[in-house]
Amino acid sequence: MSANAAVPTPPRRRVVGYNLLTGLVLGVVGYYVGWWIGHHIHATSIGYFADTNQNDIAVFLGYFLSVVGFLAGLGFLSYPWARVRGYPPSLREKETAGVARYFGLCTDHKVVGIQYLIGIGVFFFIGGLNAMLIRFELLRPGGQAFPAGNYLTLVGLHGTMMMGIMSSAILGPFANYVVPLMIGARRMAFPRIEALTFWLLMAAGTLLATTIFFGGFPTGWTGYEPLNDQANSGMDSYIVFFGLVGISMLLLGLNMIATIVTMRAPGLTWSRLPIFCWGVISTASLMLLASPVLIAALLMATLDRTAQTSFFIPSAGGSTYLYQNLFWVFGHPEVYILALPGFAVVLELLPVFARKPLWGYRLAVAGMLGVTLLSWLVWQHHLFVSGINGDLRPFYMLSTELISIPTGFTFLCGMMTLWRGRIRYTVPMLFCLAWFFNFLIGGLSGVFLSDVPSDVTTHGSFFSMAHFHYTIMGGLVFTFFAAIYYWIPKMTGFQLNDRLGKIHFWTMFIAFNSTFAPLFAIGFMGQPRRVVTYPSHLQFLNDWVSVSAFVLGASMLVFLANFVWSLVFARVPAPRNPWGSRSLEWQLPSPVPVHNFDKIPVFTDDPYGYGDDDGRVPAVVPVGAPAGGGS
Amino acid sequence: MSSFAEHSTDYAVVESEPPEQLGRNLNTAGHLLASATAFFFLAFVFAYFYLRALNNAGLWRPRHVNPSLTLGTLAIVAVVASAVLIRLGLMDHRAGRRRQWRLKGWLALGLAGVAVALQIAEWATQGFGPADGGYASVYLGWTGLYAVFLLAVIYWIETLLATATRYRKIESGAPPAGHASGDSHRTGHDIHDPLSLVRPSLEALSFYWAFLAGIGVLTWFILYIL
Ligand SMILES: [Cu+2]
C-alpha cells in the first residue's frame, strides 16, 4: 500500500478538544457574547426597541454567535482556517475508532447516518410529547391545562419541530448511510458538509426549544405575517430554527445530488440506479431549490424584526401576502420533501419482500420526477381563502389535481409489484403496506382541499389537519419506521426483535387511523385548528381522538423498548443479508467496514432482477481498479 | 465495545484517492450552488415586483429614496471585472502560466473587496434608511445579502490563491509531510496529488463567480435602472 498511508500516532482521547461538550460550552458562551453585543448596538436610524421592551437584535446575535461557537467547538472551523492559510484539501477527519466519534465532527458517512438517526429520534420524541400535551388539553371543550397563548406555542412547537426535523428523516439517516453503499462509493461527495448538515440540524432543534424562555410564538409552523412581526422574542427562535433547517437541507440536497451524479461505480448507469436513489435525487433537488426561498423569506422577516424594514408590513409599503407567497413557494415543495422519501423507501423495499423485480421502473422514476416538477406550480392552493385574485384559483386547482397523476404512477408501480408476488409479511413490509392504505386516504382527502369550493369550507379546520397527518405521518413516519426495521441490521449488525416489531406496527397502525380518521369528521363539523376550545357536542369525538393518540404515543414506547432491548441488551447478531436483497449494501459485512469496499465494485446487471432464485446473488462483481494509487 | 465502535478508517485503503474524483464533485457542486443561489435571489426579484405593483400605503418609494447610481454602478463594474479576471486567470492556469494566474487572482480578489467597500460606502451615504418603505427594504435586503455572497466568493478565491502561492515552487505531487489539513495527527494526504485540485476548484469558481456576477448585473438593472 502507499507509503504515506501510515498513521504515526493515534489521536489521544481528551475531554478538552473538539467534541460535543466543547461545542455546547462555546455555544452558551457565544450566546451571551452575542446578547451583550446586541445590547450595545445603538444606531440612531434604528429605533429597535422604542415601541416594545424587547431587543430582537440581541436575541438574533446571541443565536448566531451561539451557532458559530457550537460549530467551532465541534471543530468545524479548523479546516476552513487551514485552507485560508493555503493547506491543500483533504477529505477525511476524525474517522477514529471507538464511540467517541459519534459525539463530534466525523466525516464517515455511516457515522453521520447513525448520528442523524439518534438525533432525529430525540427531536421526534419531543415533537411527539407536544402532540400528547395537545391531545391532553383537548380532552375537555373549555381550556383546562394551558392558557390559549401557551396552547398556541405548543401547537407551533409540535408543527415546527416535526416539519423541520422530519424533513431529513429519511435522507439524513438512511440516504447518508446507504446511498454511497448502493452506488459503490467510499464516501459522500463532501464529507465535511455532510457532517455539518447534521450538527446544524441539532443546533436548530435545540434553539427552537429555547423559545419557551422567550414567551413562545403564536403563528404555528407557518410563521405568518403580520403576527410574525408583532410577536415577542420567542418568534426569533422559530426564525433561526427554520433558517438553520433550510441551510442544512440545502447542503444535504446538494451533497446527495453531487454524490449520485459523480460517484457511481463503473457500470451503474442511470437505468440501473436503485429506485431509492431516484427518490433521493427528487427529494434532494427540491431541498436544494426550495430551501433558498425559505431562507430568503426568513431573512426578510429577520430584517423586519430587527432593522425595521417593511417587507411584510402593509402600512409601511410592504405586504403580508408577500410572506404567504414566499413561504408556500418553499412550503409546497416542502411537503413533497416529506412525501417523496416515503415513495422511495416503499419502492425500494417492495421488490425485496415480494420477490419480484420492480414493476415499471421507468414509470416510477417518471412519477417521482413528475411530482418534483409539478410541486413548483401549485403553491397558491394554500392561499385560496386568503383573498387572492379569484382568476388565479382555477389554474392552481388544476395544477394541484394534476399531481395525482404522477403520484398515481407510484401507486401503480407498487401495486403491480405486489401482484402475484411471493409476499413475506416482515415488519418493514407491513409498514410499507400501511403506507398504501394511509397515503391513499391522505391523497383522496387532499382532493377536497385542492378543490376551491370544498376548500372554502374545510380550510383551516381539523379536516386539513387530518389530511396532512395522513400524508406526512401516514406517508413519511410509517416509511421512516420501515426504513429503521429494514436497515438497522446493516447499520448496527444486530437484529431488532420481530415480535415487538409486530406489536409496534399493529398498535401504531390501528391507533393512527383511530386518531386521525375521526378528525376528518370533526373538521367537517367545524372545529378549527390551533384553537384551544371547541363546542361541547364535539367532546365525545375529541376524547376518542385523544385516547387513540395516547395509544399511538404508547406504540412509540414499544418501539423504543425494542430498540434499546435489541441493540443494548439482547444483541443478536444479524446475518449479512437477512432479507435476501440484491442491493449492494447487503452484500457487505454488517456492520460495514469504514472504507466500505476493499475494491470498488463493477455493476454488470440490473440490481433488481429478483426471479425464481432466492435473490441472494448480487448483480455486481467485486473487481476493478485496486484502491488507491499506491504511489 | 459494541461492534460498530470497533472499526476505524483503514487509511491504507482510502489513502491516495485520485484527485479527479473530488474535481468532478467540485464541478457539479459549482453548478448546483449556482442554481440554489438563483432561487435565493428570485425571492428578492419577486418581492421587488410584488411590492412595487401593490404600492401599499403609497409607500413603495418615497421621493428621497434614491441610492447613488454612480456608487452602485462602480460596485457592479468591480464585480464583473473581478469575474472576468478569474476567467482569464483560469485560461492562464490551463496554459501553464502559473505566475500570471496568481497575479490576476490577487487582482480579482482585490476588486471583489473593492465592490464590497463601495457597497458599504453607498449604504453610509445614501440618505435613507431601512424604514423608508418597500423599495428601501428590498434594496437594503438585496444588496446586503448580495454582499454576503461576495464575501463567500472572496473566501473561495483566497483559499485557492493561498494554496497556489504557498506551493508555488512545487509543480505537482504532494506537499511535504505535515502539511495535511484536517486531522492534526496525520501526516499523509488522503487525496493523491492534492495540489492538482487547484485547477478544478478554479474551474468551478470561475463558473460560479461569472454566474453570481450575472445576478449582480440583474440586481443593478432592477434596483437602479428600472
Ligand atoms: Cu401545498
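Since we're looking at a predicted model, the values are computed, not measured.

**Student:** Just checking my understanding: could you explain the coordination of the copper ion for this structure?
**Tutor:** Angles between donor atoms at a metal ideally measure 109.5 degrees for a four-coordinate tetrahedral arrangement and either 90 or 180 degrees for a six-coordinate octahedral one. Residue and element names in this part refer to chain A. The coordination sphere of the copper ion, as far as protein atoms go, consists of H332 (ND1), H381 (NE2) and H382 (NE2), spread over 1.7 to 2.0 Å. Written as a sequence motif, the donor arrangement for the copper ion is H-x48-H-H. Relative accessible area serves as the criterion here: at 10%, H381 is assigned to the buried category. Residue class for H382 comes out buried when judged on its relative accessible area of 18%.

**Student:** Could you clarify how one ought to interpret the packing of aromatic side chains in this entry?
**Tutor:** Each pair of aromatic rings is reported with the distance of its centres and the angle of its planes. Evaluated as defined, the whole model comprises 81 aromatic pairs over all chains. Centre to centre, the rings of F217(A) and Y238(A) are 5.4 Å apart; their planes meet at 45°, and the pair counts as tilted. Linking F217(A) in the loop between α7 (191-209) and α8 (227-230) with Y238(A) in helix α9 (residues 234-262), this pair joins segments that are 21 residues apart in sequence. Taken individually, F217(A) and Y238(A) each receive the classification buried, so the pair is uniform in this respect. Aromatic side chains W60(B) and Y135(B) sit 5.7 Å apart centroid to centroid with 85° between the ring planes, which places their arrangement in the edge-to-face category. Of this pair, W60(B) sits in the loop between α2 (19-54) and α3 (69-94) while Y135(B) sits in helix α5 (residues 134-166), and the two are 75 residues apart along the sequence. Just as W60(B) is buried, Y135(B) falls in that class too. Above the ring of Y79(A), the side-chain terminus of R192(A) is found at 3.5 Å from the ring centroid. Positioned above the aromatic ring of W270(A), the side-chain terminus of R264(A) is 3.9 Å from the ring centre.

**Student:** Sorry if this is basic, but what is going on with the packing of helix α4 (residues 109-137) of chain A against helix α17 (residues 462-492) of chain A here?
**Tutor:** Between two packed helices, the angle of one axis relative to the other and the distance separating the axes together describe the packing. Residues and elements named next belong to chain A. The interhelical angle for the contact between α4 and α17, taken along N-to-C directions, is 145°, at an axis separation of 13 Å. With respect to the hand of their crossing, α4 and α17 are arranged in left-handed fashion. Contact residues: G113, I114, L117, I120, F124 and R135 in α4; F462, V477, F480, F481, I484, I488 and M491 in α17. Residues of the contact of α4 with α17, tallied by class, amount to 11 nonpolar, 1 polar and 1 charged.

**Student:** Can you help me understand the pattern of salt bridges in this one?
**Tutor:** As a working rule, side chains carrying opposite charge can pair if their charged atoms are close by. Considering all chains together, one arrives at 10 salt bridges over all chains under this definition. Between R305(A) and D236(A) there is a salt bridge, with its nearest N and O atoms 2.7 Å apart. Remark: D236(A) occurs in helix α9 and R305(A) occurs in helix α10 (residues 275-306); sequence separation between them is 69 residues. Its relative accessible area of 5% is what places R305(A) among the buried residues. The shortest N-O distance in the salt bridge between D92(B) and R97(B) comes to 2.8 Å. Look at D92(B) and you get buried, because its relative accessible area is 5%. Through salt bridges with shared partners, one network takes in D56(A), D236(A) and R305(A).

Quick notes on the rules
- Residues numbered from 1 in each chain as written.
- Chains lettered and ligands numbered in written order.
- Predicted model: local features only at pLDDT ≥ 70, side-chain atom pairs only at ≥ 80, totals over all residues.
- Heavy atoms only, no water.
- Donors = N, O, S within 2.8 Å, 3.2 Å for Na, K, Ca; no water.
- Buried < 20%, exposed > 50% of the residue type's maximum accessible area, 1.4 Å probe, protein only.
- Phe/Tyr/Trp six-rings, centres within 6.5 Å; stacked < 30°, edge-to-face > 60°.
- Helix = DSSP H or I, 4+ residues; strand = E, 2+ residues; numbered from the N terminus.
- Lys NZ or Arg CZ within 6 Å of the ring centre and 35° of its normal.
- Axes fitted to C-alpha atoms, helices over the stretch in contact; angles between N-to-C directions.
- Left-handed = near helix turned anticlockwise from the far one by under 90°.
- Contact = heavy atoms within 4.5 Å.
- Nonpolar A, V, L, I, M, F, W, Y, C, P; charged D, E, K, R; others polar.
- Salt bridge = Lys/Arg side-chain N within 4 Å of Asp/Glu carboxyl O.

Geometric descriptors of this kind do not, in isolation, establish any biological role.
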